[in-house]
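# Working through the structure, step by step
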Amino acid sequence: MNDPLFVILLLAQVAMGGFDTVYHHELTQRLAWKPGQATELRLHGARNMIYALVFLMLGWTEPHGLAALLLIGALSVELGITLWDFVEEDRVRALPASERVTHTLLTLNYGVLLAMLAPTLLTGAVQPTGLIMQNHGMVSLLLTVAALGVVVSGVRDLVAAARNHQLDATPAGELAAALGARKAVLVTGGTGFVGARLIAALVAAGHDVTVLTRDPRRALGLATPIRIVTDLTRLPDDFLCDVVINLAGEPIAAGRWTAGRRALLIGSRLAVTGALLTLLARLDHRPDVLISGSAIGFYGIDDSGAIDEGVARGRGFAAELCARWEAEARRAEALGIRTVLLRTGLVLGNSGGMLASLLPIFEAGLGGPVGKGRQMMSWIHRDDLVRLIVAAAADGEFTGALNAAAPNPVSSRAFAIALGQALHRPAILPLPALPLRLMLGDLADELLLGGQKVLPVKAIFHGFRFRYPRIEQALDEIVGRTVKRAAISTRPFVEARLLY
């Protein structure tokens, strides 16, 4: 610890590790709430506990004898865990470029640190056993803070690993049971939050799935077997397809709606849908049904009353976007293809969408309602959305606009309270409207501060039964709670009628 270069490299390792944990593991990848991450979380938890020991020993002691051997052993185990972690990461998820770069820098820096530290530890190992206490001033304090931080992070990872198997308890194949005998299904937008679960359900149920994606690397984590295509023009005229599900489009809430962003949001949807219609027009055997994405943004901001599929288009950019997307998809009707326009509400799940961003905040006890909390939120559990898509594909009675929202919309305040209760955390810190408007502009008003009370009238009329009709049910399942709430009704049709 007397070598300035060693201290600089050690503190750099701590800083890079902290960045990797906070930015990648917590904020962007959200590993603690992603199903299938139990092994990686356990590895992270065990490694963090070793880091705590190493930081404290390097910061406050000079180890001799058995103490030096203990530190050598801890560093060796940590190295083995890191190599195992590399293999596990490549097995279960596609790492973003920034995480790969960070891991490379951490590995190189760690190798240099071990090379510099090894002679000192080997020399100390042959001396009589003992811990000589040393105080390196600010460096010791920084390493102590780092030790406390990795202990907290390690405990969190180990707790998250223990609950991980409860985050996705429903077998995927059950969600696609309504589609019946083996079908050929073409999916666009299959690498997204909804698309990935839909594909898992279709594959598990034995269907033949083709996925359109611009970047095949993004499809690495999808269920298999599937067929990947990057360009619809490469599909032959005799391509067989019974069902087409069109979910492709740039994420609508990924940034401020500048003029360029608005053009990208509209253009991405119209381009894929237009290419899809061109394919359908030339196929020797056309599919039975096209289910094309849209959103409840079609109705604009409207808190005045209940909204069913018969309500006219509202005002605002989201309404314009949805209307243009739906109009392009409706061209399939002229080809004799049954067309369903899926007007989706806020999709809830633990591995993506709006809720994935909120879970870490609420888990830390920092959550609360958005704005005044009175605006209505029309939401749907991701598994119910997948089931509704499958039901619409299977049932020829579904046609035209279809509201994909649970039968019990809630206010932003009620949603915050329910999420806090599911996590056993307070949810009393509101997110003020002013900073949201300053940061996000119209996006904040239309998607966060405005609301709609949208009801799934068509779905219920055609006999679809929601597994998660109430927000408490949905959030309990999403966070892995197994407690059943006796007060929850199982009669969503009656509940929907009462909302009128």
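Residues numbered from 1 in each chain as written. Predicted model: local features only at pLDDT ≥ 70, side-chain atom pairs only at ≥ 80, totals over all residues. Heavy atoms only, no water.

To continue, consider the overall build of the protein chain. Summing up its helical and strand segments, the protein chain has 17 helices and 15 strands in all. Across its three principal axes, the protein chain shows a C-alpha extent of roughly 85 × 50 × 45 Å. In the protein chain, of all internal contacts separated by at least 6 residues, the share reaching a separation of at least 24 is 80%. When the accessible area of the protein chain is evaluated, it comes to approximately 22,300 Å², of which 63% is carbon and sulfur surface. With 47 positive and 43 negative side-chain charges, the protein chain shows a separation of 5 Å between the mean positions of the two kinds. (Helix = DSSP H or I, 4+ residues; strand = E, 2+ residues; numbered from the N terminus. Contact = heavy atoms within 4.5 Å. Areas by Shrake-Rupley, 256 points an atom, 1.4 Å probe, with all protein chains shown as cover. Lys, Arg positive; Asp, Glu negative; His and termini not counted. Charge placed at Lys NZ, Arg CZ, Asp CG, Glu CD.)

Here we take up the packing of helix α12 (residues 412-423) against helix α16 (residues 471-478). Here α12 crosses α16 at 40 degrees, and the two axes come no closer than 9 Å. The pairing of α12 with α16 is recorded here as oblique in orientation. The element α12 and its partner α16 pack so that their crossing is right-handed. Judged by residue contacts, F415, A418, L419 and A422 of α12 engage I471, L475 and D476 from α16. Of the residues belonging to the contact of α12 with α16, the class tally is six nonpolar, no polar and one charged. (Axes fitted to C-alpha atoms, helices over the stretch in contact; angles between N-to-C directions. Parallel < 35°, antiparallel > 145°, perpendicular 65-115°, else oblique. Left-handed = near helix turned anticlockwise from the far one by under 90°. Nonpolar A, V, L, I, M, F, W, Y, C, P; charged D, E, K, R; others polar.)

Let us look at the pairing of strand β3 (residues 184-188). A large share of β3 lies buried, amounting to five of its five residues. Taking every second residue as pointing to the same face, both faces of β3 are buried, with A184, L186 and T188 on one and V185 and V187 on the other. Sheet topology places β3 next to strand β4 (residues 208-212); five bridges connect them, and they run parallel. Across the sheet, residue L186 finds its bridge partner in β4, namely T210. In this structure, β3 lies alongside strand β6 (residues 243-246), joined through four bridges in parallel fashion. Bridge pairing in β6 places T188 opposite N246. (Buried < 20%, exposed > 50% of the residue type's maximum accessible area, 1.4 Å probe, protein only. Pairing = 2+ DSSP bridges.)

Chain-level statistics for the protein chain give a pLDDT mean of 90 and a share of 96% at 70 or above. Counted against residues more than four places away or in other chains, residues 483-500, with its pLDDT under 50, gives 33 contacts. (pLDDT = per-residue confidence, 0-100.)

The next point concerns the side chain of T344. Here T344 is to be found in strand β9 (residues 338-344). Here T344 is in contact with S294, A295, I296, I380, L385 and A404, once residues within four sequence places are set aside.

What follows deals with the packing of aromatic side chains. What the rule picks out here adds up to five aromatic pairs. When the ring centre of F317 is taken as origin, the NZ or CZ atom of R262, which lies over that ring, is 4.9 Å away. Positioned over the ring face of W325 is R269, at 5.0 Å from the centre of the ring. (Phe/Tyr/Trp six-rings, centres within 6.5 Å; stacked < 30°, edge-to-face > 60°. Lys NZ or Arg CZ within 6 Å of the ring centre and 35° of its normal.)

On the surface, M49, V151, V155, L158 and V159 cluster together into a nonpolar patch covering about 360 Å² of accessible area. No other element matches the four residues that helix α5 (residues 138-163) contributes to the nonpolar patch. Within the element layout of this structure, V151 appears in helix α5. (Patch = residues over 30% accessible without salt bridge, like charges linked within 9 Å, V, L, I, M, F, W, Y side chains within 5 Å. Salt bridge = Lys/Arg side-chain N within 4 Å of Asp/Glu carboxyl O.)

Turning to the pattern of salt bridges, a few remarks are in order. Inspection of the entire model under this criterion finds 16 salt bridges. Between R163 and E363 there is a salt bridge; the shortest N-O distance is 3.2 Å. Of this pair, R163 sits in helix α5 while E363 is found in helix α10 (residues 353-363), placing the two residues 200 residues apart along the sequence. Each of the two residues, R163 as well as E363, counts as buried. The salt bridge involving R343 is made with E326; its shortest N-O contact spans 2.8 Å.

Time to look at α12. Taking 1.5 Å as the rise per residue, α12 with 12 residues should run 16 Å; its terminal C-alpha atoms sit 17 Å apart, in good agreement. Residues of α12 that are buried: S412, F415, A416, A418, L419, G420, A422 and L423. Next to the buried residues of α12 lie β10 (346-348), α10, β11 (376-377), β14 (410-411) and α16. Phi turns positive, to about 60 degrees, at H424, one or two residues after α12. (Expected span 1.5 Å × (residues − 1).)

Spatial strand order, β5-β4-β3-β6-β7-β9-β13: seven strands in an open sheet with parallel pairing. Strand pairing shows two members of the sheet lacking a second neighbour, β5 (227-229) and β13 (400-404), which therefore form its edges. Sheet twist, expressed as the mean angle between neighbouring strand axes with direction ignored, is 20 degrees. The sheet contact formed by β9 and β13 spans five bridges and is parallel. Looking at β13, one finds that R343 is bridged to N403. Contacting β3, β4, β6 and β7 (289-295), helix α8 (residues 259-282) crosses the sheet at an angle of about 165 degrees to β6.

The next thing to look at is helix α1 (residues 4-28). If you check α1, its first and last C-alpha atoms are 34 Å apart, about what 25 residues at 1.5 Å a residue would give, namely 36 Å. Among the residues making up α1, those that are buried are F6, V7, L9, L10, Q13, M16, D20, H24, H25 and E26. On its buried side, α1 packs onto α2 (38-60), α4 (97-125), α5 and α10. Of the residues that open α1, the one with a side-chain oxygen 3.0 Å from the backbone nitrogen of L5 is D3. Of the residues flanking the end of α1, it is R30, one or two places downstream, whose phi is positive at about 50 degrees. (Polar contact = N/O pair within 3.5 Å; in protein donor to acceptor, adjacent residues only side chain to side chain.)

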